[in-house]
Amino acid sequence: MKKLILVRHATSALPNMPMEDYDRPLKKNGIEDSKQIGQYLKAKQYIPDYIITSGAKRTLETADNISKQLFNQSIPINKNRIIYGASIIEMIELIHNFNNQYNIAMIVGHNPTMTLLNNKITNVTFDHIPTAGTSIINYKINRWNELNREGELVEFINPKKLQQL
């Protein structure tokens, strides 16, 4: 059994000065939202043993804030530049290449990729995954390269949903 956690990065700042999209940081509420997602994942025991993110500043900050809540410290976060703007085929290939020693993997990425990926590899369809939207998906597989069918969406959370709990 493998579990995949898909996270869209939290709310990012719109730059006051010229800045590459890749370099945009999180807004203050994005920082708080990503911390809340991490706290919720910890409370529910959705603890990844592998975290990978695009190298964009806002995804790195989202992943770091979540991991600090999960582990009470910074842990190594793997970066893969391909996640920024990746196609669904590229994302599935990335997942297929995860080390099988990891049973729970987390990907922090961008839209529209995260919405499209969720729709392709789960039993649920979303029109749009909001910032910090997080899917927890179970797969009845033993190896990541066996991920070739829909997984079961166990839970979907986002900051607005957490405020209602």
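The residue count restarts for each chain, going from 1 along the sequence in the order it is written. The predicted origin of the model limits local features to residues at a pLDDT of at least 70 and limits the giving and counting of side-chain atom pairs to 80 or more, whereas totals for whole chains, interfaces and linings rest on all residues. The side-chain values count all of the structure's non-hydrogen atoms but skip hydrogen atoms and water molecules.

Asks: Just to check I follow, could you spell out the nonpolar core for this structure?
Replies: Grouping buried Ala, Val, Leu, Ile, Met, Phe, Trp, Tyr and Cys residues that are joined through side-chain atoms within 4.5 Å yields what is termed a nonpolar core. Here the term buried applies to any residue with accessible area under 20% of the maximum for its type, exposed to any over 50%, and partly exposed to those in between, with areas from a 1.4 Å probe on protein chains only. Ranked by size, the top nonpolar core spans 26 residues in total, and within it L4, L6, I95, F98, I107, L117 and I121 carry the most contacts. Only DSSP runs of H or I covering at least 4 residues are called helices, and only runs of E covering at least 2 are called strands; the numbering of each starts at the N terminus. Secondary structure elements with two or more residues in this core: β1 (2–8), β2 (50–53), α3 (88–96), β4 (104–109), α4 (113–121), β5 (134–139) and β6 (152–157). It is α3 that provides the largest number of residues to this core, a total of five residues. In what follows, a contact means two residues having at least one pair of non-hydrogen atoms within 4.5 Å. Setting aside its immediate chain neighbours within four residues, I107 contacts L4, I5, L6, V7, I52, I83, M91, I95, F98 and M114. In terms of nonpolar packing, the next biggest core, distinct from the first, is built from 20 residues, V7, L26, I104 and M106 among them.

Asks: Help me out: how do you make sense of helix α1 (residues 28–43) in this one?
Replies: Given 3.6 residues per turn, any residue in an α-helix points the same way as the ones three and four places further on. End to end, α1 covers 23 Å across 16 residues, agreeing with the expected 22 Å (1.5 Å per residue, within 8%). Among the structural elements, α2 (57–71), β4, β5, β6 and α5 (159–164) are those in contact with the buried residues of α1. A positive phi of about 65° marks Q45, the residue just after α1. Here a helix's expected span is defined as the number of its residues, less one, multiplied by 1.5 Å.

Asks: Hey, could you run me through the sheet that holds β6 in this one?
Replies: The strands making up a sheet are joined through hydrogen bonds of the backbone, oriented either antiparallel or parallel. Pairing within the open sheet is mixed, and its six strands lie in the order β3-β2-β4-β1-β5-β6. In this open sheet, the two strands that pair with only one neighbour each are β3 (78–79) and β6. Direction of pairing for β2 relative to β3: parallel, over a ladder of two bridges. Directly across from T53, in β3, lies its bridge partner K79. All axes here are fitted lines through C-alpha atoms, helices being fitted over the stretch that makes contact, and every angle between N-to-C directions spans 0 to 180 degrees. With respect to the sheet, α1 is in contact with β4, β5 and β6, its orientation differing from that of β6 by roughly 135°. In this description, strands pair whenever DSSP reports at least two bridges between them.

Asks: Honestly, the packing of aromatic side chains in this entry has me stumped. Any pointers?
Replies: The geometry of an aromatic ring pair is captured by two quantities: the separation of the ring centres and the angle between the planes. Each pair of aromatic rings taken from Phe, Tyr and Trp, with Trp reduced to its six-membered ring, is defined by centres within 6.5 Å and is described as stacked if the planes are under 30 degrees apart, edge-to-face if over 60, and tilted in the remaining cases. Tallied over the entire structure, the rule returns five aromatic pairs. Seen from their ring centres, Y50 and F98 are 5.1 Å apart, and the 65° between their planes marks the pair as edge-to-face. Of this pair, Y50 sits in strand β2 while F98 sits in the loop between α3 and β4, placing them 48 residues apart in sequence. Residue classification places Y50 among the buried positions, given a relative accessible area of 15%. Owing to a relative accessible area of 6%, F98 belongs among the buried residues under this scheme. Each ring, one from F98 and one from W144, has its centre 5.5 Å from the other, and the planes form 80°; the classification is edge-to-face.

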